[in-house]
Amino acid sequence: MAAARDVVHALADAGLTVATGESLTAGLVAARLADVPGASAVLHGGVVAYQNAVKTGLLGVPEDLLARVGAVDADVARRMALGARAALGADVGVATTGVAGPEPHQGQPVGTVWLGLAVPDADASALDVLGGERDGAATAILLRLDGDRAAIREATVAAALQALTHLLAGPGH
C-alpha cells in the first residue's frame, strides 16, 4: 500500500494522471492505485487486455506485431502503455505483459515480464531514469521473476509501482 500511496501522491503533486493497460496483472496495478484514498484525482482507469483482441481493439497494438512476436515483447509492452494513455486520456500509461505460469507461453519462460511506460512526447527524456528499451515516449523494462503464478503477478505490480515512483521522482517531475 505504501508504494501505491507514494505513486498517487507523486502524481497529484505533479498534476499528472495515469492509466493502465494490463495483461499479466489483469487490473491489479489499477486496483492497488485505487486502494489509495484520493486516487480518483489521478487514476483515469485501466484496460484489462488479457486477450490479444483487446490489445489490438482497445489499446491499438498492431495485429501483425502480435502475430510476429507474441504478446510477451518489449514493443508490445510499449504499445500497450501508449494505448492506455491514449484510450483513457491520461498523462502516463503503464502496461504489464508476461508469463505468470505455470507453463511457458509463446516460447517465453515463466517469469518473463515486460513493463511498459509511456509519457507525453514532450516528456520523453523523463524515461531515461528507468532505463529499459526506449522508443520515443515509451520504454519497456524486462523483468525475470521467480515464484508461482501469484508471486510473479504480485512482483510485477510491485515493479510497476516502483517504476512509476522512479519516473515521478526524476528530473522534471
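Preceding this paragraph is the structure being described.
Residues numbered from 1 in each chain as written. Predicted model: local features only at pLDDT ≥ 70, side-chain atom pairs only at ≥ 80, totals over all residues. Heavy atoms only, no water.

Here we come to the overall build of the protein chain. For the protein chain, the count of helices and strands is six helices and six strands. Reading the protein chain from its N end, one meets helices and strands in the order α-β-α-β-α-α-α-β-β-β-β-α. Taken over the C-alpha trace, the protein chain has a radius of gyration of 14 Å; the compact-globule value for 173 residues is 16 Å, and the two agree within 12%. With the C-alpha coordinates of the protein chain rotated into their principal frame, the extents come out at 40 × 30 × 25 Å. Here the protein chain, with 173 residues, has 50% of them falling under the buried criterion. Contacts spanning at least 24 positions in sequence make up 65% of the contacts within the protein chain whose residues lie at least 6 apart. For the protein chain, the exposed surface amounts to about 7,500 Å²; the carbon and sulfur share of it is 52%. Of the side chains in the protein chain, 11 bear a positive and 18 a negative charge, and the two mean positions are spaced by 3 Å. (Helix = DSSP H or I, 4+ residues; strand = E, 2+ residues; numbered from the N terminus. Rg over C-alpha atoms; globule rule 2.2 N^0.38 Å. Buried < 20%, exposed > 50% of the residue type's maximum accessible area, 1.4 Å probe, protein only. Contact = heavy atoms within 4.5 Å. Areas by Shrake-Rupley, 256 points an atom, 1.4 Å probe, with all protein chains shown as cover. Lys, Arg positive; Asp, Glu negative; His and termini not counted. Charge placed at Lys NZ, Arg CZ, Asp CG, Glu CD.)

This paragraph deals with the sheet that holds strand S1 (residues 18-22). In spatial order, the strands read S2-S1-S3-S4-S6-S5; together these six strands make up an open sheet with mixed pairing. Across the chains shown, the open sheet's two edge strands, defined by having one partner strand only, are strand S2 (43-48) and strand S5 (133-135). The average undirected angle you get between the axes of adjacent strands in this sheet is 15 degrees. Where S5 and strand S6 (residues 138-144) come together, three bridges link them in antiparallel fashion. When the bridges of S6 are listed, Arg134 appears paired with Thr139. Together, strand S3 (92-98), strand S4 (112-118) and S6 form the strand contacts of helix H6 (residues 149-169), whose direction differs from that of S4 by roughly 30 degrees. (Pairing = 2+ DSSP bridges. Axes fitted to C-alpha atoms, helices over the stretch in contact; angles between N-to-C directions.)

Attention shifts here to the side chain of Thr20. Checked against the element boundaries, Thr20 lands in strand S1. Non-local contacts of Thr20, meaning those with residues more than four positions away in its chain, are made with Val29, Ala30, Gly45, Gly46, Val47, Ala84, Leu88 and Val94.

This part covers the pairing of S3. Most of S3 is tucked away, with seven of its seven residues classed as buried. Here S3 shows no split at all, with Val92, Val94, Thr96 and Gly98 on one side and Gly93, Ala95 and Thr97 on the other all buried. The pairing of S1 with S3 spans five bridges and is classified as parallel. From the neighbouring strand, Val18 faces S3, where its bridge partner is Val92. One ladder, built from six bridges, connects S3 with S4; its direction is antiparallel. The residue bridging Thr96 from the neighbouring strand is Leu115, located in S4.

The final tally for this structure, using the stated rule, is five salt bridges. Residue Asp64 is joined to Arg68 by a salt bridge in which the shortest nitrogen-to-oxygen separation is 3.9 Å. Of the two residues, Asp64 and Arg68 are both situated in helix H4 (residues 63-69); the distance of four residues between them amounts to about one turn of the helix. Of the charged contacts, one joins Arg79 and Asp75 as a salt bridge, the two residues approaching to 3.6 Å between their closest N and O atoms. On the criterion of helical spacing, the pair formed by Arg79 and Asp75 is a turn pair, its members being four residues apart in helix H5 (residues 74-88). According to the relative accessible area criterion, Asp75 is buried, its value standing at 17%. In the salt-bridge network here, residues are joined through shared partners; they are Asp75, Arg78 and Arg79. (Salt bridge = Lys/Arg side-chain N within 4 Å of Asp/Glu carboxyl O.)

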